[in-house]
2 protein chains.
Amino acid sequence: MDLSERQLQILQAIITDYVENAEPVGSRSIAKKYDLGVSPATIRNEMSDLEEMGYLTHPHTSAGRVPSDKAYRLYVNTLMKKKNLSAMDKRLISDRLSASRDEFDRTIRHAAELLSEITHLASFAMTPATNEETIDFIRLLPVDERTLILMIVGDSGNVTNTTLRLKVPYTQEDLDILSKNMTVQHKGRTLDDVLKSEIIEDVGTDIEALSALRGTVMPSFIRTLEDMLNVNLYMAGMTNIFNLPEYSSIDRARDFMELFTQRDWFTRKMLERANGMVVTIGDENDSMKDCSLITATYHVDGKLVGKIGVIGPTRMKYDEVTSLMEYLTNNLSEAFRLTDGGEDS
Amino acid sequence: MDLSERQLQILQAIITDYVENAEPVGSRSIAKKYDLGVSPATIRNEMSDLEEMGYLTHPHTSAGRVPSDKAYRLYVNTLMKKKNLSAMDKRLISDRLSASRDEFDRTIRHAAELLSEITHLASFAMTPATNEETIDFIRLLPVDERTLILMIVGDSGNVTNTTLRLKVPYTQEDLDILSKNMTVQHKGRTLDDVLKSEIIEDVGTDIEALSALRGTVMPSFIRTLEDMLNVNLYMAGMTNIFNLPEYSSIDRARDFMELFTQRDWFTRKMLERANGMVVTIGDENDSMKDCSLITATYHVDGKLVGKIGVIGPTRMKYDEVTSLMEYLTNNLSEAFRLTDGGEDS
DNA sequence: ATTAGCACTCTTGCCAAGTGAGTGCTAACA
DNA sequence: TGTTAGCACTCACTTGGCAAGAGTGCTAAT
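Please read all numbers here as calculations on a predicted model, not as lab measurements.

Only a minority of non-glycine residues have a phi that is not negative, and only a minority of peptide bonds are not trans. Residue and element names in this part refer to chain A. At histidine 120, a residue that is not glycine, the phi angle is positive and equals roughly 60 degrees. With respect to the helices and strands, histidine 120 occurs in the loop between α6 (104-119) and β3 (122-129). At methionine 288, a residue that is not glycine, the phi angle is positive and equals roughly 45 degrees. Within the secondary structure layout, methionine 288 lies in the loop between β8 (278-281) and β9 (291-300). What makes methionine 288 buried here is its relative accessible area of 13%.

A few words on the protein's contact with DNA strand C. Surrounding DNA strand C, one finds 20 residues, the nearest of these being Ser27 of chain A together with Arg6, Thr42, Thr61 and Ser62 of chain B. Close to the protein, within 4 Å, the atoms of DNA strand C are drawn from sugar and phosphate at a rate of 75%. Taking serine 27 of chain A, its side chain carries an N or O atom lying 2.8 Å from a phosphate oxygen of DNA strand C. Threonine 42 of chain B places a side-chain nitrogen or oxygen 2.4 Å from a phosphate oxygen of DNA strand C. Among the secondary structure elements, those contributing two or more residues to the surface near DNA strand C are α3 (40-52) of chain A together with α3 (40-52) of chain B. By residue number, the principal contributor to the surface near DNA strand C is α3 of chain B, which donates four residues. Broken down by class, the residue content of the surface near DNA strand C amounts to four nonpolar, 12 polar and four charged.

All right, on to the packing of α6 of chain A against helix α12 (residues 318-335) of chain A then. Residues and elements named next belong to chain A. Close contact between α6 and α12 brings their axes to 11 Å; oriented N to C, the two are set at 160 degrees. As far as their axial angle goes, α12 and α6 are roughly antiparallel. Considering the relative orientation of α6 and α12, their crossing is right-handed. Between α6, through Thr107, Ala111, Leu114, Leu115, Ile118 and Thr119, and α12, the contact on the second element is made entirely by Val321, Leu324, Met325, Leu328 and Leu332. In the contact of α6 with α12, the residues fall into nine nonpolar, two polar and no charged.

Opposite charge on two side chains lets them pair, provided their charged atoms get close. In total, this model carries 31 salt bridges over all chains according to the counting rule given. For glutamate 320 of chain A, the salt bridge is made with lysine 83 of chain A, and the minimal N-O distance between the two is 3.9 Å. Here the residue glutamate 320 of chain A occupies a position in helix α12, and lysine 83 of chain A occupies one in the loop between α4 (69-79) and α5 (87-99), the gap between them amounting to 237 residues. Residue classification places glutamate 320 of chain A among the partly exposed positions, given a relative accessible area of 36%. Arginine 65 of chain B is the partner of glutamate 51 of chain B in a salt bridge, and the nearest nitrogen-oxygen pair spans 2.7 Å. Placement of glutamate 51 of chain B in helix α3 and of arginine 65 of chain B in the loop between β1 (56-57) and β2 (66-67) is noted, with a sequence separation of 14 residues between them. Owing to a relative accessible area of 12%, arginine 65 of chain B belongs among the buried residues under this scheme. The structure contains a network of salt bridges with shared partners spanning Arg96, Arg109, Glu113 and Glu117 of chain B.

All names here are of chain A. The domain architecture assigned to chain A consists of domain 1 (5-79), domain 2 (87-128 + 232-335) and domain 3 (135-230). Domain 1 and domain 2 are separated by 28 Å when their C-alpha centres are compared. Listed as interface residues are nine residues of domain 1 and, on the opposing side, 14 residues of domain 2. Taking both sides of the interface into account, the surface hidden between domain 1 and domain 2 amounts to around 990 Å²; carbon and sulfur atoms contribute 60%. Ranking the residues of domain 1 by area buried against domain 2 places Val19, Asp69 and Arg73 at the top, with a combined share of 46%. Joining domain 1 to domain 2, the criterion identifies two salt bridges.

Rules and cut-offs
- Residues numbered from 1 in each chain as written.
- Chains lettered and ligands numbered in written order.
- Predicted model: local features only at pLDDT ≥ 70, side-chain atom pairs only at ≥ 80, totals over all residues.
- Heavy atoms only, no water.
- Helix = DSSP H or I, 4+ residues; strand = E, 2+ residues; numbered from the N terminus.
- Buried < 20%, exposed > 50% of the residue type's maximum accessible area, 1.4 Å probe, protein only.
- Near = heavy atom within 4 Å.
- Polar contact = N/O pair within 3.5 Å; in protein donor to acceptor, adjacent residues only side chain to side chain.
- Nonpolar A, V, L, I, M, F, W, Y, C, P; charged D, E, K, R; others polar.
- Axes fitted to C-alpha atoms, helices over the stretch in contact; angles between N-to-C directions.
- Parallel < 35°, antiparallel > 145°, perpendicular 65-115°, else oblique.
- Left-handed = near helix turned anticlockwise from the far one by under 90°.
- Contact = heavy atoms within 4.5 Å.
- Salt bridge = Lys/Arg side-chain N within 4 Å of Asp/Glu carboxyl O.
- Domains from an automatic or database assignment.
- Buried area = accessible area lost by both parts, 1.4 Å probe.

Below is the structure:
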């Protein structure tokens, strides 16, 4: 039960028009604007068929038609063509990214900002997940006789640290032994791996003082590892959605904003999504059922994978947004190859 | 030209009523709810006088009166009485804060969340400004032959680090010399102080290789210092304001939300405010002219000072909010005294 | 000085009529 | 058989008018 060529044309015209104007589109205006060589009456008949097949809906009897989620899905899968970015946008992107090339987190933040500036939608960018990261070394550094710093360094240069204040003074010697022990024990293992296994193990050969020190350091070690696994989330353009007619009601706007105040939940959701370009439309999202969400991934050093995304109403310019995101992720991956002498944190 | 006792009573009643119901309050309802022993007509006359003096305004001829910024100011300065917190709120606070006692940043975040949960307004909390922090030591740690970690440690155990990737390999020896040099040069100075003076100085006695290394490290050193000065900002309950009638129009709501998307700007603004409990009402704020803003400060180890704040419409329960914030900052300062054996980052 | 009474003002909610965009159907047409 | 013109019909939206209600401001009486 495929769609005829003419039906596809009409559907495409309706989508284009509706995405532009956010108003139900009628047969007459289609006939006028896009010359398909047929009269409004014919278009009406086709529209009626398209509605029956679930591609269009009808807010009320005497209104025009609105594309359904199914229509957008069809559009994204088969109708949509890749768009070329304007020279202006390209320059904007390269200017902005190169301005912060050597500061990793700032670059990521700029990427999110670029996305929302160009699309006028809400967007986000996340630093790479460090599931793959392995431990390079662990060090305990003295500050004063009761304060010390626990520092974990990953193989890609990722560092996380915690300051510890002990109840009992420690000796420099204990510190050295413990940090060597820990490094030997964990070097080369992924963070996940260590987190899963660590809590039980306690090397029995330690002397008493060392064991006490170890007892204090361990809980912090685990928490610091967890910290290290956390990705940073940057959001931008949240207030853009206030300009869209679909969020002109306060309730809708509130629901939308509330999604983003739950940062932990949101981060988890986004991490769960598959890599590459992923588009989910309306009902395909288990929450935010009247939004569409597009995510794409960039690479750091070919290994770590970070995500960027755009969130808006189902009525969005899928072609432009996906093309932009593809361009942007390519640029990011390019910037984050480690062959040149840049630096990052 | 002071206000009479009765005028104060009436003003207080109007404020109380308006804060509660968000609707212009008329003479009759005042006379009924608060028995001041006078008739509505008398109250009308007094209201008229109060309006002339600028304490009340009139949306239109036949509407009730609304308190002006000047009225709230009078209320906050002289009329307002301290409120006792409910036992429930006290328990909520102590439960929540003690749950994360040993993780500094999490505690701060919880403080912001508590504020917005109890007041139903938007709120924020910032980690302490580190203007006063002095440098304890600087260390350069090797990762691999071209990667190293620059680490700056402050006297209160604050740590910041950056990973550097060099174009040319370095030697362990150079690293040690440079980190010793830097430590000697900067130990005991405040971050601000170093930042202001640093860029010019270049100790001339270095050997060539060391000088090259130094040249690479220095820009990152400055940027890392700047990082260290940055405070973390946690916001909570932003979407609460959607429930308030003053933000029932989309435009108002948008303006409000936009304030908080400019995090850097907002942080700077808040840092500029005086320490202690500060209340600014409506026009007293140079931006957000129809909001009121209350900030208060807490102490860490008696030295560093962090801020918490609540933002809402000028119509807010100043007495309850300020009492809550006082209680909360006391609790925070208490939790962050360093005499016990806790840990923080 | 206070109060009761009354005219006046302004908002809000409601209803009815008119308008316009758009559909769905039928009958004519190529 | 597919296409089109014509027409009746539906529904949302706007406008104007009307009544109700809340509240003020003024005046005259207490």
